[in-house]
Amino acid sequence: MAKGKAFTLALFNVARFYPNPATFERLPEDLCKENQVILVGEVGELLLVAVANPFDVTLLNKIKDICDLEVVRLLGLEKDIADKFAKNENEPTDFADVVDAIGMEFAPEVDPSDDELTDEQSGPIIDLANQIIEDAYFARTSDIHIEPWEHEVVARYRIDSICQEKLRLPGKVGLALIARLKIMCNLDIAERRMPRDWRIVFKQYTKKNIDVDLRVSTAPLNHGKGVVMRILDKQKSTLPMNALGFSNENLGRYREAIKSPYGMILRCGPTGSGKSMTLYSALKEINSPDFVIRTAEDPTEYTLEGINQMRMHRQIGLTFARALRAFLRQDPDIILVGEIRDKETANIAVQAALTGHLLILTLHTNDAPSTVARLTDMGVEPLMISSSVVCVVPSA
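If you're wondering where the values come from, they're calculated on a predicted model, not measured in any experiment.

*Asks:* So what exactly am I meant to see when it comes to the overall build of the protein here?
*Replies:* From N to C terminus, the protein includes 14 helices and 15 strands. Long-range pairs, those at least 24 residues apart, make up 59% of the contacts in the protein between residues at least 6 apart in sequence. Carbon and sulfur atoms form 49% of the exposed surface of the protein, whose accessible area is close to 20,400 Å².

What follows is the structure, encoded as structure tokens:
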């Protein structure tokens, strides 16, 4: 260690992490238990491990040899790590019990009334909705798809960008499940014609210590209302930037860019490529009482302490462009805009970047060169782009 440099590690709240069957696939449970270490995540070619003793170099080398990956250490409390090896009530359970309960209540040979089949307040339906969300969380799912088919409803999980079918239910049971999810969102269950977007604060509906929110989108499809839920794990918003998969060279460039006094930093890539995660980690690193930070998001995915965040409401005219104009009158240093969607937002962002503000934004393009072309298509002059853009961060 160089003289004069402090040794610091990011603190990881192990108490809010829950092992799943994949947790001990790379690192044997006996090894983890003996050395007070637990694998808490994997990002690209990096393993995220929480350790009670960060100075045990021999252990880190052993993990590298076993997994053949670079290791990022996070500091965890010894007691919290030890608790993860004990059986507890937060372990995921199988769907069999709740499906059996539904089967007894809605057996095929029984012909109950529609009211009984669509009773979203019945115990088995409530248990089923909770179990789907909990199981998806433990499986490290990013999105849950509830899809109505002609005679049944299918639940699918997107894990590591690949959709996997998890559960099939009778069509009428599916109606009750979707109604239950809408109740959890505080949506009108009678409205089936219009798409809706909302949020579930899941800790209100479970006794388990699972603190996640879900961004919910509903849409009318040919066989009923479809629901897609994006799991927003509040732990992940605090990942250190060196755990995001950057090479050392690019990480240094990005850290230099986010410390610029003004300009635009654009994070581009398709849906699910990690745009929001990258931007939140950047804000977390530069956040301090010295800076006034504002964010405009649709919706607010993670709540960051010390940062003022605004959620967009297009129904009442609160758009990214209007939010950006409002922010410029509130003396901000740094502004995060969830997405550049139109010419008006793009031009206001460029003007703000040229007048002493640092803007961090996302744009739906596939690569860095397409970002410049996209801004040009929105009517931004090439000279303004070259003067305002500090860096473009594409997806891996």
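*Asks:* What am I meant to see in helix α7 (residues 123–138) here?
*Replies:* Given 3.6 residues to a turn, an α-helix orients residues that are three or four positions apart in the same direction. Its 16 residues place the ends of α7 22 Å apart at the C-alpha level, agreeing with the 22 Å of an ideal helix rising 1.5 Å per residue. When you tally the buried positions in α7, you get 13 out of 16 residues, the bulk of the element. Among the residues trailing α7, R140 stands out with phi positive, at a value near 60°.

*Asks:* Would you explain the pairing of strand β3 (residues 70–75) in this entry?
*Replies:* Here six bridges tie strand β2 (residues 46–51) to β3, and the two strands are oriented parallel to one another. Within β3, the position partnered with L47 by the bridge is V71. Considered for its hand, the β-α-β crossover made up of β2, helix α3 (residues 57–67) and β3 is right-handed.

*Asks:* Even after reading the chapter, I still don't get unusual backbone geometry, so can you show me in this structure?
*Replies:* Among all residues save glycine, negative phi is the norm, and among peptide bonds the norm is trans. Residue Q36 is not a glycine yet carries a positive backbone phi of 55°. Among the secondary structure elements, Q36 is positioned in the loop between α2 (29–35) and β1 (37–43). Its identity as a non-glycine residue notwithstanding, D68 has a phi of 55°, on the positive side.

*Asks:* How do you make sense of the sheet that holds strand β8 (residues 212–221) when you look at a structure like this?
*Replies:* Strand order in the open sheet formed by six strands is β6-β5-β4-β9-β8-β7, with antiparallel pairing between adjacent strands. Two strands lie at the open edges of the sheet, namely β6 (162–170) and β7 (196–201), each paired on one side alone. Each strand of the sheet is rotated relative to its neighbour by a mean of 20°, with strand direction disregarded. Where strand β4 (residues 143–148) meets strand β9 (residues 224–233), four bridges bridge the pair, whose relative direction is antiparallel. In the sheet register, I146 faces β9, and the bridge partner there is V227.

*Asks:* Can you walk me through the pattern of salt bridges in this structure?
*Replies:* If charged atoms from side chains of opposite charge come close, those side chains can pair. Taken as a whole and assessed by the stated rule, the structure comprises 12 salt bridges. For R230, the salt bridge is made with D143, and the minimal N-O distance between the two is 2.6 Å. Residue R230 is located in strand β9, and its partner D143 is located in strand β4; the two are separated by 87 residues in the primary sequence. R168 is the partner of E152 in a salt bridge, and the nearest nitrogen-oxygen pair spans 2.7 Å. Of this pair, E152 sits in strand β5 (residues 152–159) while R168 sits in strand β6; the two residues are 16 residues apart in sequence, bridging distant segments of the chain. Assessed through its relative accessible area of 24%, E152 is described here as partly exposed. Taking the relative accessible area as the measure of exposure, R168 reaches 40% and is therefore partly exposed. A single network of salt bridges, built from pairs that share partners, joins E152, E165 and R168.

*Asks:* I'm lost on the packing of aromatic side chains in this one. Help?
*Replies:* How two aromatic rings sit relative to each other is set out by the distance from centre to centre and by the angle between their planes. Scanning the entire structure with this criterion turns up two aromatic pairs. An angle of 25° between the planes, with centres 5.2 Å apart, marks the rings of F246 and Y254 as stacked. Cation over ring: R311 sits above W198, and NZ or CZ is 5.0 Å from the ring centre.

*Asks:* What is the right way to read the side chain of S260 from this model?
*Replies:* Locating S260 in the fold gives a position in the loop between α9 (248–257) and β10 (263–268). For S260, a relative accessible area of 19% translates into the label buried. At 2.8 Å, the side chain of S260 forms a polar contact with the backbone oxygen of A257. Not counting residues up to four positions away in its chain, the partners in contact with S260 are L358 and V390.

Parameters at a glance
Residues numbered from 1 in each chain as written. Predicted model: local features only at pLDDT ≥ 70, side-chain atom pairs only at ≥ 80, totals over all residues. Heavy atoms only, no water. Helix = DSSP H or I, 4+ residues; strand = E, 2+ residues; numbered from the N terminus. Contact = heavy atoms within 4.5 Å. Areas by Shrake-Rupley, 256 points an atom, 1.4 Å probe, with all protein chains shown as cover. Expected span 1.5 Å × (residues − 1). Buried < 20%, exposed > 50% of the residue type's maximum accessible area, 1.4 Å probe, protein only. Pairing = 2+ DSSP bridges. Right-handed = clockwise from strand over helix to strand, strands pointing away. Axes fitted to C-alpha atoms, helices over the stretch in contact; angles between N-to-C directions. Salt bridge = Lys/Arg side-chain N within 4 Å of Asp/Glu carboxyl O. Phe/Tyr/Trp six-rings, centres within 6.5 Å; stacked < 30°, edge-to-face > 60°. Lys NZ or Arg CZ within 6 Å of the ring centre and 35° of its normal. Polar contact = N/O pair within 3.5 Å; in protein donor to acceptor, adjacent residues only side chain to side chain.

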